[in-house]
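Letter by letter, the chains look like this.
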Amino acid sequence: MRKFLEIINTLDRRWIFVFIGLAVSLPLFFPIGIKFSVSHPVQGFYHTIEKIPDGSKILMSCDFDPGSMPELYPMTITALEQMFRKDLKVIITCLWPAGPPLVERALAHVGAEYNKQKGIDYVHLGFKEGKEVVMVSMGASIPNTFPTDYHGTPVSEIPIMQGVTNYREVAMLVNISAGYPGTKEWVQQVQSRYQIDIVSGCTAVSAPEYYPYYQTGQLKGLLGGMKGAAEYEKLVGIMGLGTRGMDAQSVSHLMVFAFILIGNLAYFILKFMKRKESV
Amino acid sequence: MSYQTLGIWIGALFTLCILSFLYKDNPFYKFAEHVFVGISAGYGVALQYHNVFLPNLWRPLMAGNLLMIIPLIMGGLLFTRFFANISWLSRWSIGMLIGIYSGIAIIGFGSGDLVSQIHGNLLPLWGTDLFTALNNWILTVGLIACLVYFFFSKEHKGSFGVVARMGIYFLMISFGASFGYTVMSRMSLLIGRFYYLYGDWLNILPQ
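Residues numbered from 1 in each chain as written. Chains lettered and ligands numbered in written order. Predicted model: local features only at pLDDT ≥ 70, side-chain atom pairs only at ≥ 80, totals over all residues. Heavy atoms only, no water.

Draft legend 1. Molecular detail of the domain arrangement of chain A. If you check the domain split of chain A, you get domain 1 (2-30 + 246-278) and domain 2 (40-239). Inter-centroid distance (C-alpha atoms) of domain 1 of chain A to domain 2 of chain A is 40 Å. (Domains from an automatic or database assignment.)

Encoded structure:
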């Protein structure tokens, strides 16, 4: 018993990596189909978009890069699906420099599926440096802040941008956020000034920071990490990357939980045994 | 081999190079790390040149907008940091940047965080359904306890100390929740990489 506990206490961390690797890999090959329910913040995200009248213009800011792709790309895809199903016109911006290629990829995928046309049903305005300054500047004029789209076409020649001057002409803001600049800055700079409805899809790391904004109603909905993405996919009715990753997510969490439990038990039992021996 | 396939292979090999660090530090990991840093820096410079310098400064200036001389000079002053005897000139530009960002951040924090969060935490403790009332009580008690914990002008003793101690427990619970979310986030990244390796690269995942 004691020897076993000592082995646990001094276990090479690489063994833990092996177990975590297996916990993540096996459910990908042998799906379990663990059931999960949809939380209130996710319902808020979905219903806020659903309430927008069909054909309205929506601003979507994709503030992420490949580093957070597994969590945020599935949300982007699902949000585009929901918006295109409602025939909403989507104006997309990026405040992260490596974001535009991911947006192009998502648009190519979902836009083609729904036969949406560039410039008419959606426009990708690309990346603009300036963080909060860009957000404030868009409040004065979106066409002045983004004079051309991602492909260099002047916004004055893009049909979807006709009549769009600032936040007043968009029904709401969908933000997909990996950190700074992201949801926090959109709430601080835009929601509080222009009273525009904002929903956010964010990485799980940032979610605890954004829950207070949901509690106060500054955010109308919140998707936290891959779990949030999976719940959202369930509501929209698609089997996406979020749902497919949930089994692996759940099993790996159980594995981490088991390691924490076993490690702590081994530590305290061993400590108790040593104390008893010294007495 | 198409460019797309080549891209997938390069991505997969670099992923394996980075994952090899889990065993121990090695030349493959270092190679991938250096390539990543180099490409990121190059991409950043090229992006800033094409996305910021040309459209925001150079093209308007060439089109005859003489006001653009001011940001040109202010931007140029930043480079005086490379010359010790005139490096003080860069402080003007830095001062302007700090001033603008501070102004924007303070207004945003004041209206978006401070006022809204205080307003959002003034909750009814009676007269709602039991579950909402319970939640509001927990939030209010937690808020007061945490504020007391961060009040250092009075020694944490007696009943004041008890409330401060409660504040620690609330903080610990919030740290635990944050850690749980962090684990979830990191696992998601790992799942994403494994999806890429098994799916996009090896194509052995069940459909």
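Anyway, onward from the coordinates.
Draft legend 2. Structural view of the layout of surface pockets. What the second largest pocket holds in volume is close to 1,800 Å³. Looking at the second largest pocket, it is lined by 48 residues, and the ones nearest its centre are E129 of chain A together with N51, V52, F53 and N56 of chain B. Counting residues per element, the ones that place at least two in the lining of the second largest pocket are α5 (100-113), β3 (122-127), α6 (132-140) and α7 (142-145) of chain A together with α2 (27-62), α3 (69-78) and α4 (90-120) of chain B. If you tally residues by element for the lining of the second largest pocket, the top one is α2 of chain B, at 13 residues. Class assignment of the residues belonging to the lining of the second largest pocket gives a composition of 29 nonpolar, 15 polar and four charged. (1 Å grid on protein atoms, 1.4 Å probe; cavity = no way out; pocket = protein on both sides within 12 Å on 5 of 7 lines; lining within 4 Å. Points joined across faces, edges and corners; volume = space filled by probe spheres on them. Helix = DSSP H or I, 4+ residues; strand = E, 2+ residues; numbered from the N terminus. Nonpolar A, V, L, I, M, F, W, Y, C, P; charged D, E, K, R; others polar.)

Draft legend 3. Looking closely at helix α1 (residues 3-19) of chain B. Between its terminal C-alpha atoms α1 of chain B stretches 24 Å, which fits the 24 Å expected from 17 residues at 1.5 Å a residue. In this fold, the buried residues of α1 of chain B make contact with α2 and α6 (158-201) of chain B. (Expected span 1.5 Å × (residues − 1). Contact = heavy atoms within 4.5 Å.)

Draft legend 4. Local environment of the pattern of salt bridges. Residue and element names in this part refer to chain A. Per the counting criterion, the structure on display carries 13 salt bridges over all chains. For the salt bridge of R2 with E277, the shortest nitrogen-to-oxygen distance reads 2.6 Å. Residue R2 is found in helix α1 (residues 2-9), and its partner E277 is found in helix α11 (residues 241-278); the two are separated by 275 residues along the sequence. The shortest N-O distance in the salt bridge between K89 and D121 comes to 3.0 Å. Of this pair, K89 sits in strand β2 (residues 89-94) while D121 sits in the loop between α5 and β3, and the two are 32 residues apart along the sequence. (Salt bridge = Lys/Arg side-chain N within 4 Å of Asp/Glu carboxyl O.)

Draft legend 5. Spatial organisation of the environment of R193 of chain B. Relative to the helices and strands, R193 of chain B is located in helix α6. A sequence separation of 182 residues divides R193 of chain B from G11 of chain B, and the C-alpha atoms of the two residues are 9.9 Å apart.

Draft legend 6. Up close: unusual backbone geometry. Residue and element names in this part refer to chain A. The omega angle of the peptide bond from Y180 to P181 is -5 degrees, so this bond is cis rather than trans. In this fold, P181 is placed in the loop between β4 (173-177) and α8 (183-194). Non-glycine residue N115 carries a positive phi angle of around 55 degrees. For N115, the location among the structural elements is in the loop between α5 and β3. The exposure class of N115 is exposed, given its relative accessible area of 68%. (Buried < 20%, exposed > 50% of the residue type's maximum accessible area, 1.4 Å probe, protein only.)

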